[in-house]
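Breakdown of the fold
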Amino acid sequence: MSAASCLLTEDQFLCSICLDVFTHPVATPCGHNFCKACITDHWDVNVPPNCPNCKKVFSTRPELQVNTFISEMAAQFRLSAQQKASSSSSEQQAAQPGEVPCDVCTGTKVKALKSCLVCLVSYCEAHLKPHLTTSGLKRHQLMDPVKNLEGRMCTKHDKLLELFCKTDQMCVCMFCTVLDHKNHDVVPLREEYEGKKAELGKTEAEVQQMIQKRRLKIQEIKHSVKLSEEQADREVLEGVLVFSALKESVERSQVELMDTIKEKQRKTQKEAEGFIKELEQEISELKKRSTEVEQLSRSEDHLHLLQSFRTLNTAPPTKDWTGVRVSPPSYEGTVVRAVNQLEMKLSNQMKKLLEKKLKRVQQSAVDVTLDPDTAHPKLILSGDGKQVKLGDVWKNLPDNPERFNLCAVVLGKQSFSSGRFYYEVQVKEKTDWDLGVVRRSINRKGSITASPQNGHWTIHLRNENEYLACDGPSVRLSLGSRPEKVGVFVDYEEGLVSFYDVDAAALIYSFTGCCFTEKLYPYFSPGLNDKGKNSAPLIISAVNHTE
């Protein structure tokens, strides 16, 4: 019989109703075989009785007898299949650390393929087969293998946690909904799972978006570092060139100074040497005459003495040295003149540097317009928001928190909380004005004391030629020329606010070491009219990017 069963296929021993190996197989009059329980249940539901395979209808329910031959064949096949499954399981590789093992395997624990939430057992491929073929087991809920299936049971009622209490935000069993969670908002676990899964999907999308933003920020920071390195290299190169030129200029000026002093000394020495040479020649002539006179005075020859007396009695012709002087050369002012020349060279070099610096900061130019919501009621703003002057009429405007109600001030619409920005303002023909930047939280009502401590980084002109930087304390500025256009530059991260005379390419003043923590706004005050002397407007000018 064993040999015969080996010639038959698995399908020949399966009931077509339960799809499992025959249990108490019986045959219908039409010749088809079924489990006795399966066909009986089928006929209990379907009246009149029929064959599930060929649909043949029977007038009366047939009497069924167990087919002992097929029953023995099925038993033999079941045993063979179990032995084969057992052998197959033993040949499979054991579950690795971290993998869920099969709970049914008795020898080597094979990796589980599924876990059953009804049986609370994990099955390998071989032991899972009944759950895929047996009608009763097919209704069990299978899932990917997990450890600690007991943790999916309610510890209080020993029932499957298959519901979710939204009120208490916890998993519960059916009994929990009747007792501890009565009248709570309870939904099936799958429904809450789908909702939470959707939320997780949204969270994942948000997290991915955050990751992407941070990656972009990393790229931005790296780009900023690269730009900083390039700028640092340019500054170093420019600094080396400038200081090398200055060093050469100083050394050249020193050499020129030394040459000038030495040349004066050489002229003095040459003149002195000429005088000494003449004097030595005269001394030689006088010595010669002295010798002749001495010899003549000792002569006993009366005739010879008398004849030579006229010639030797007078001194030889010589130069009158009474007024001759060798005065040391005057070096007064030599060093001063050399330093002045060097200072002029340094000044020219500084001017070139400032021109380069101004061109560089002008690359950070931004478009600034005036904000009418902040303007004092007497200020008159142009339609394009680029000009402001003080009028005579107090306009009826709402006294909103942003508006200045005592000082004739208006802010720019644009705010800045990072990076660099630059703008230019024409102050031509004005005798009074204030310019700069302020933080958002400054006082706008009543009198204002401008200082960095109060959130102001400004400079102003008073009485036509009195320039002040509103630092703590204020600093009087000495300017080489009267600015007609003022440039305002801010480096937020560096904590720097600088003012430039645009036409002269000169630095007016810099606030350094500032600590900015708020948004910064451009600040404008055209000043009082001063009987018409200061009626010209402040004009926000377009920046001319000169090369």
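So, here is what we can say about the structure in this document.

Conventions and cut-offs
- Residues numbered from 1 in each chain as written.
- Predicted model: local features only at pLDDT ≥ 70, side-chain atom pairs only at ≥ 80, totals over all residues.
- Heavy atoms only, no water.
- Buried < 20%, exposed > 50% of the residue type's maximum accessible area, 1.4 Å probe, protein only.
- Helix = DSSP H or I, 4+ residues; strand = E, 2+ residues; numbered from the N terminus.
- Arc of directions from axis to C-beta.
- Contact = heavy atoms within 4.5 Å.
- Salt bridge = Lys/Arg side-chain N within 4 Å of Asp/Glu carboxyl O.
- Patch = residues over 30% accessible without salt bridge, like charges linked within 9 Å, V, L, I, M, F, W, Y side chains within 5 Å.
- Areas by Shrake-Rupley, 256 points an atom, 1.4 Å probe, with all protein chains shown as cover.
- Polar contact = N/O pair within 3.5 Å; in protein donor to acceptor, adjacent residues only side chain to side chain.
- Pairing = 2+ DSSP bridges.
- Axes fitted to C-alpha atoms, helices over the stretch in contact; angles between N-to-C directions.
- Parallel < 35°, antiparallel > 145°, perpendicular 65-115°, else oblique.
- Left-handed = near helix turned anticlockwise from the far one by under 90°.
- Nonpolar A, V, L, I, M, F, W, Y, C, P; charged D, E, K, R; others polar.
- Phe/Tyr/Trp six-rings, centres within 6.5 Å; stacked < 30°, edge-to-face > 60°.
- Lys NZ or Arg CZ within 6 Å of the ring centre and 35° of its normal.

A short note on helix α2 (residues 36–45)
Buried within α2 are the following residues: C38, I39, H42 and W43. Buried residues of α2 fall within an arc of 125° about the axis and therefore sit on the same side. Turned more than 90 degrees off the buried face of α2, the exposed positions are A37 and V45. Buried-residue contacts for α2 involve β1 (25–27) and β2 (33–35).

A closer look at the pattern of salt bridges
Any two side chains of opposite charge can pair if their charged atoms end up close together. With the rule as written, the count across this model stands at 19 salt bridges. E294 serves as the salt-bridge partner of R298, at 2.8 Å between the closest nitrogen and oxygen. Judged by its relative accessible area of 53%, R298 is exposed. Where salt bridges share partners, they join E235, E238 and R360 into one cluster.

Things to note about a nonpolar patch on the surface
On the surface, a nonpolar cluster with roughly 410 Å² of combined accessible area is contributed by M174, F175, V178 and L179. Mapping F175 onto the fold places it in helix α6 (residues 174–178).

Looking at the side chain of S122
The residue S122 is located in strand β4 (residues 121–123) in this model. Only 2.7 Å separates the side chain of S122 from the side chain of S115, close enough to count as a polar contact. Other than its neighbours up to four places away in sequence, S122 contacts V100, P101, C102, D103, V104, A112, K114, S115, V146 and L149.

Here's the deal with the sheet that holds strand β5 (residues 142–143)
Overall, antiparallel pairing links the three strands, which are arranged β4-β3-β5 in an open sheet. Only two strands of the sheet have a single neighbouring strand rather than two, namely β4 and β5. Sheet topology places strand β3 (residues 114–116) next to β4; three bridges connect them, and they run antiparallel. For S115, the partnering residue across the bridge sits in β4 and is S122.

Details of the packing of helix α7 (residues 189–297) against helix α9 (residues 334–361)
Each pair of packed helices gets described by two things: the angle between the helix axes and the distance between those axes. For the pair α7 and α9, the least separation of the axes is 10 Å and the interaxial angle reads 165°. As summarised for this structure, α7 and α9 are arranged roughly antiparallel, according to the angle between their axes. Handedness of the crossing formed by α7 with α9: right-handed. On the side of α7, the interface is formed by E235, E238, V242, L246, S249, V250, R252, S253, L257, T260, I261 and K264, while α9 contributes T334, V335, A338, L342, K345, L346, Q349, L353, K356 and R360. Along the lines of polarity and charge, the residues of the contact of α7 with α9 split into ten nonpolar, five polar and seven charged.

Quick notes on the sheet that holds strand β10 (residues 387–390)
One open sheet accounts for seven strands, arranged β9-β10-β21-β12-β17-β18-β19; its pairing is antiparallel. Looking at strand neighbours, the two that pair on one side only are β9 (379–381) and β19 (506–511), the edges of this open sheet. This sheet shows a mean twist of 20° between the axes of neighbouring strands, independent of strand direction.

Focus: the packing of aromatic side chains
Per the stated rule, a full pass over the model turns up nine aromatic pairs. Taking the centre distance of 5.9 Å and the plane angle of 50° together, the rings of Y423 and F524 count as tilted. Within this pair, whereas Y423 is found in strand β12 (residues 420–426), its partner F524 is found in strand β20 (residues 520–525), the two being separated by 101 residues in sequence. Measuring from centroid to centroid gives 5.0 Å for W457 and F516, while their planes differ by 85°, and the two rings are edge-to-face. Remark: F516 occurs in the loop between β19 and β20 and W457 occurs in strand β14 (residues 456–462); sequence separation between them is 59 residues. Accessibility classification places W457 together with F516 in one group, the buried group. Ring pairing ties together the aromatic residues W457, Y492 and F516, which thus form one cluster. The cationic tip of K319 hangs over the ring face of W321; the distance from NZ or CZ to the ring centre is 4.6 Å.

Points about the environment of Q254
With respect to the helices and strands, the residue Q254 is situated in helix α7. Owing to a relative accessible area of 48%, Q254 belongs among the partly exposed residues under this scheme. C-alpha of Q254 to C-alpha of I17: the two residues are 237 residues apart in sequence and 116 Å apart in space.

Comments concerning the environment of R439
Secondary-structure assignment places R439 in strand β13 (residues 433–439). A C-alpha to C-alpha distance of 62 Å links R439 and P97, two positions 342 residues apart in sequence. Excluding its chain neighbours within four sequence positions, the residues that come into contact with R439 are P452, Q453, N454, G455, W457, E518, K519 and L520. Engagement of the side chain of R439 in a polar contact is seen with the backbone oxygen of Q453, the distance being 3.4 Å.

Quick look at the side chain of T268
For T268, the position within the fold is in helix α7. Relative accessible area serves as the criterion here: at 15%, T268 is assigned to the buried category. There is a polar contact of 3.0 Å between the side chain of T268 and the backbone oxygen of K264.

Considering the packing of α7 against helix α8 (residues 302–312)
Axis separation between α7 and α8 bottoms out at 11 Å; the angle between their running directions is 155°. Classified by the angle between their axes, α7 and α8 sit roughly antiparallel to one another. The two elements α7 and α8 cross, and the hand of that crossing is left-handed. Facing α7, whose interface residues are R289, E292, V293 and L296, α8 presents H304, L305, S308, F309, T311 and L312. Of the residues in the contact of α7 with α8, the class split is five nonpolar, three polar and two charged.

Let's talk about unusual backbone geometry
Going from V47 to P48, the amide bond is cis rather than trans, its omega being -5°. Along the polypeptide, P48 turns up in the loop between α2 and α3 (68–91). A cis amide bond, omega 0°, links G472 with the succeeding residue P473. The topology assignment puts P473 in the loop between β15 (466–469) and β16 (475–477). Phi at K55 takes a positive value of approximately 65°, unusual for a residue other than glycine. By relative accessible area, which is 56% here, K55 ends up exposed.

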